[in-house]
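The residues making up each chain are set out below.
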Amino acid sequence: MLLEIYSKALYSTWVYYAPERILFDAGEGVALTMSNRIYAIRHIFLTHGHIDHISGLWTIINTRNNSMGDREKPLMVYYPKGNSAIEEWLEFINKANNDLRFELIQLPVVAGEKVFLRQAGGFARYIVPFRVKHTIQDFSLGYNVIETRRRLKSEYRDLPEDEISKLSRTLGPDEITEVYEKKILTISGDTFGIDPKDAQDSEILVHECTFLKSSDRKMNAHASLEEVIEIACQANVRRLILYHISSRYSGKIEKYLKNLGESVNFEIHYVDPEVVFTL
Ligand SMILES: [Zn+2]
Ligand SMILES: [Zn+2]
């Protein structure tokens, strides 16, 4: 399993990325659904301080402290620097749990900062937060999971395979290849449509899509389907997952997506507000 997502706009949103054991946001019910697997979580990245994204954090911390499981590894919680709602929530949690039996590390992050998940030899995988457009008072962030990969330098790309092998033997593989950054996952959090550059060539874009019908949107704090499809096209993503869908569309989502199939060249998935989604 790559991803497990629960998301119902206004109520609760969380995204578990299994390969790196990261929970993006911690809405209500996350500990209840994940149950003992909450011990597997290594990092929690919060996008912003609205209750539907942070209310489950206390249960995770409290349950991890008291039920049966591994308390050896620290739990890291990252959040947008200066987000007062999250800072106050963390302060309360810290006071309410001042004798924790595991290490809880809370770190503010800013857009563009690299948070390393793993690094070995020439390989690195890290998170880079980016600014999104949601609330005016408090900072909100989206997150990219990025890894470094190697590819042939452009001058060698059109050569036949045997010639490339020859060059690799004579010049060495490092000489004919270059390192580049590949986005493997992009999480929008709550936002008006993100800047397509922030999801450029991403393998998976998980974008909020509160409104399937643009005319249902009253304020520019959330995204609509039309807008998200345009962003995913411009960003050239491989897969798009729509989440944070308003429950008013429950049971009717397929109807809104029906005609998109032929017009786009990426896979589309959606998180039904009533169902835990897995991929
Ligand atoms: Zn929300
Ligand atoms: Zn929000």
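In case you missed it, the structure is sitting above this.
This is a predicted model, so every value here is computed, not measured. (Residues numbered from 1 in each chain as written. Chains lettered and ligands numbered in written order. Predicted model: local features only at pLDDT ≥ 70, side-chain atom pairs only at ≥ 80, totals over all residues. Heavy atoms only, no water.)

### A word on the coordination of the zinc ion (ligand 2)
- Here the zinc ion (ligand 2) is held by the protein donor atoms His48 (NE2), His50 (ND1), His134 (NE2) and Asp190 (OD), which lie 2.2 to 2.3 Å from it.
- In this structure, the zinc ion (ligand 2) is surrounded by 4 donor atoms whose angles at the metal cover 92 to 166 degrees, and the resulting shape is irregular.
- Going along the chain, you hit the donors of the zinc ion (ligand 2) in the pattern H-x1-H-x83-H-x55-D.
- Distance-wise, the zinc ion (ligand 1) is placed 3.5 Å from the zinc ion (ligand 2), both being coordinated by aspartate 190. Of the two residues, histidine 50 is situated in the loop between strand S4 (43–45) and helix H2 (51–54) and aspartate 190 in the loop between strand S10 (177–187) and strand S11 (204–208); the sequence distance between them amounts to 140 residues. (Donors = N, O, S within 2.8 Å, 3.2 Å for Na, K, Ca; no water. Tetrahedral: all angles 85-135°; square planar, octahedral: opposite > 155°, others 65-115°. Helix = DSSP H or I, 4+ residues; strand = E, 2+ residues; numbered from the N terminus.)

### A short note on the sheet that holds strand S1 (residues 3–8)
- Pairing is mixed across the open sheet formed by 7 strands, whose spatial order is S6-S5-S4-S3-S2-S1-S14. Both outer strands of the open sheet, strand S6 (104–109) and strand S14 (277–278), are each paired with one neighbouring strand and no more.
- In the packing of helix H3 (residues 57–66) onto the sheet, the strands contacted are strand S3 (22–24), S4, strand S5 (75–80) and S6, and the crossing angle to S5 comes to about 165 degrees.
- Of the strands in this sheet, S5 and S6 touch helix H4 (residues 84–96), which is tilted by about 150 degrees from S5. (Pairing = 2+ DSSP bridges. Contact = heavy atoms within 4.5 Å. Axes fitted to C-alpha atoms, helices over the stretch in contact; angles between N-to-C directions.)

### Description of the layout of surface pockets
- Empty space within the largest pocket amounts to approximately 270 Å³.
- Across the lining of the largest pocket, the residue classes tally to 5 nonpolar, 6 polar and 3 charged. (1 Å grid on protein atoms, 1.4 Å probe; cavity = no way out; pocket = protein on both sides within 12 Å on 5 of 7 lines; lining within 4 Å. Points joined across faces, edges and corners; volume = space filled by probe spheres on them. Nonpolar A, V, L, I, M, F, W, Y, C, P; charged D, E, K, R; others polar.)

### Concerning the pattern of salt bridges
- One pass over the structure, following the stated rule, counts 17 salt bridges.
- Here aspartate 70 ties to lysine 73 by a salt bridge, and the two come within 3.9 Å at their closest N and O atoms.
- The exposure class of aspartate 70 is partly exposed, given its relative accessible area of 37%.
- The closest approach of N and O atoms between lysine 95 and glutamate 91, which form a salt bridge, is 3.8 Å. Residue lysine 95 and its partner glutamate 91 are located together in helix H4, separated by 4 residues, close to a single helical turn.
- The exposure class assigned to lysine 95 is exposed, which follows from its relative accessible area of 62%.
- Taken together, the shared-partner salt bridges connect Glu20, Arg118, Arg125, Glu147, Arg149, Glu203 and Arg238 into one network. (Salt bridge = Lys/Arg side-chain N within 4 Å of Asp/Glu carboxyl O. Buried < 20%, exposed > 50% of the residue type's maximum accessible area, 1.4 Å probe, protein only.)

### Thoughts on the environment of phenylalanine 139
- Tracing the chain through its elements places phenylalanine 139 in the loop between strand S8 (123–131) and strand S9 (141–152).
- Residue classification places phenylalanine 139 among the partly exposed positions, given a relative accessible area of 37%.
- Put simply, phenylalanine 139 and serine 84 are 55 residues apart on the chain and 8.7 Å apart in space, counted from C-alpha to C-alpha.
- Not counting residues up to four positions away in its chain, the partners in contact with phenylalanine 139 are Thr47, His48, Pro80, Lys81, Gly82, Asn83 and Arg131.

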